[in-house]
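# Close look at the chain arrangement
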Amino acid sequence: MSRIIIINLIRFIMLVFLQVFLLKNISLYNLSTPYLYILFILLLPFEIPNVLLFVLAFLLGLTIDSFYDTPGLHAASCVLLALVRILFISVTVQKDGFDNEPEPTLSIMGFRWFFSYALILTLFHHFFLFNLEVFRFSELEYTLTRFLLSSIFTVFLMLVSGLLFFRKKERK
């Protein structure tokens, strides 16, 4: 159990560091900004208690908010992401027969499941984040473009990091 805590603490620190010091400065034509830090919430173990998941999501969002000067935008989006994660896992994990798996990584769950998991959760997070940020009907087209392009960029980075950093584990 302490090994899982240490691994997730290292993930938290690495993803926040990567987001704040590298990805914050990457923007493609001011339309696409990757938010890879949400990968921390996506990779938490399946058996994590819901209350702890919400607390960790809120703390992650507050940490990112403190560096981005966005009071509560990322915190609210991360809490929504945690809720959608709970719903998505409750619908798919038992139905697809992944009951015995410890965590939702690309190498354990397979490409198809992880891609749909990452895409759906990223779309919810980004849609909520960008709409909270702008909150004007006059910029609806610009907001939707940013939401879609940022989601694609973020999911692409998630898949690349999953392929690079998580070794293949044999399923039983």
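Residues numbered from 1 in each chain as written. Predicted model: local features only at pLDDT ≥ 70, side-chain atom pairs only at ≥ 80, totals over all residues. Heavy atoms only, no water.

### A closer look at the overall build of the protein chain
When you go through the protein chain residue by residue, the secondary structure sums to seven helices and zero strands. Secondary structure elements of the protein chain occur, N-terminal to C-terminal, as α-α-α-α-α-α-α. Against the compact-globule benchmark of 16 Å for 172 residues, the protein chain has a radius of gyration of 16 Å, which places it among compact chains. Counting only C-alpha atoms, the protein chain reaches 50 × 30 × 30 Å along its principal axes. The 172 residues of the protein chain split such that 46% are buried. Sequence separation of 24 or more characterises 71% of the internal contacts of the protein chain that already satisfy a separation of 6 or more. Total accessible area computed for the protein chain in this model is approximately 9,900 Å², and 71% of it derives from carbon and sulfur atoms. (Helix = DSSP H or I, 4+ residues; strand = E, 2+ residues; numbered from the N terminus. Rg over C-alpha atoms; globule rule 2.2 N^0.38 Å. Buried < 20%, exposed > 50% of the residue type's maximum accessible area, 1.4 Å probe, protein only. Contact = heavy atoms within 4.5 Å. Areas by Shrake-Rupley, 256 points an atom, 1.4 Å probe, with all protein chains shown as cover.)

### Topic: the packing of helix H6 (residues 111-134) against helix H7 (residues 140-165)
Axis separation between H6 and H7 bottoms out at 9 Å; the angle between their running directions is 145°. The crossing of H6 and H7 is right-handed. Taken together, the residues that form the contact of H6 with H7 break down as 14 nonpolar, seven polar and two charged. (Axes fitted to C-alpha atoms, helices over the stretch in contact; angles between N-to-C directions. Left-handed = near helix turned anticlockwise from the far one by under 90°. Nonpolar A, V, L, I, M, F, W, Y, C, P; charged D, E, K, R; others polar.)

### Re the side chain of Ser 151
For Ser 151, the position within the fold is in helix H7. Overall, Ser 151 belongs to the buried group, its relative accessible area being 1%. Among the polar contacts listed, one links the side chain of Ser 151 to the backbone oxygen of Phe 147, at a separation of 2.7 Å. The residues contacting Ser 151, other than those within four sequence positions of it, are Thr 122, Leu 123 and His 126. (Polar contact = N/O pair within 3.5 Å; in protein donor to acceptor, adjacent residues only side chain to side chain.)

### Here we look at the packing of aromatic side chains
Taken as a whole and assessed by the stated rule, the structure comprises 13 aromatic pairs. On the basis of an interplanar angle of 50° and a centroid distance of 6.1 Å, the ring pair of Tyr 35 and Phe 130 is categorised as tilted. Residue Tyr 35 is found in the loop between helix H1 (2-21) and helix H2 (39-42), and its partner Phe 130 is found in helix H6; the two are separated by 95 residues along the sequence. A ring pair is formed by Phe 88 and Trp 113, whose centres lie 5.9 Å apart and whose planes are at 55°; its orientation type is tilted. A residue pair is termed long-range when its members are at least 10 positions apart, and Phe 88 in helix H4 (residues 73-96) and Trp 113 in helix H6 qualify at 25 residues. (Phe/Tyr/Trp six-rings, centres within 6.5 Å; stacked < 30°, edge-to-face > 60°.)

### Concerning H1
Under the 1.5 Å per step criterion, the end-to-end length of H1 is 28 Å for 20 residues, consistent within 8% with the ideal 28 Å. Three or more residues of H1 are buried, namely Asn 8, Arg 11, Phe 12, Leu 15, Val 16, Gln 19 and Val 20. Buried positions in H1, seen along its axis, are confined to an arc of 140° and lie on one side of it. Away from the buried face of H1 by more than 90 degrees, exposed residues Ser 2, Arg 3, Leu 9, Ile 13, Met 14, Phe 17 and Phe 21 are located. (Expected span 1.5 Å × (residues − 1). Arc of directions from axis to C-beta.)

### So, the pattern of salt bridges
Inspection of every chain in the model, using the stated rule, returns two salt bridges. For Arg 146, the salt bridge is made with Glu 133, and the minimal N-O distance between the two is 3.0 Å. One end of the pair, Arg 146, is in helix H7; the other, Glu 133, is in helix H6, with 13 residues separating them in the sequence. According to the relative accessible area criterion, Glu 133 is partly exposed, its value standing at 36%. Of the charged contacts, one joins Glu 139 and Arg 136 as a salt bridge, the two residues approaching to 3.0 Å between their closest N and O atoms. The partly exposed category is assigned to Arg 136, whose relative accessible area is 48%. (Salt bridge = Lys/Arg side-chain N within 4 Å of Asp/Glu carboxyl O.)

The values reported here are purely geometric and, on their own, carry no functional implication.
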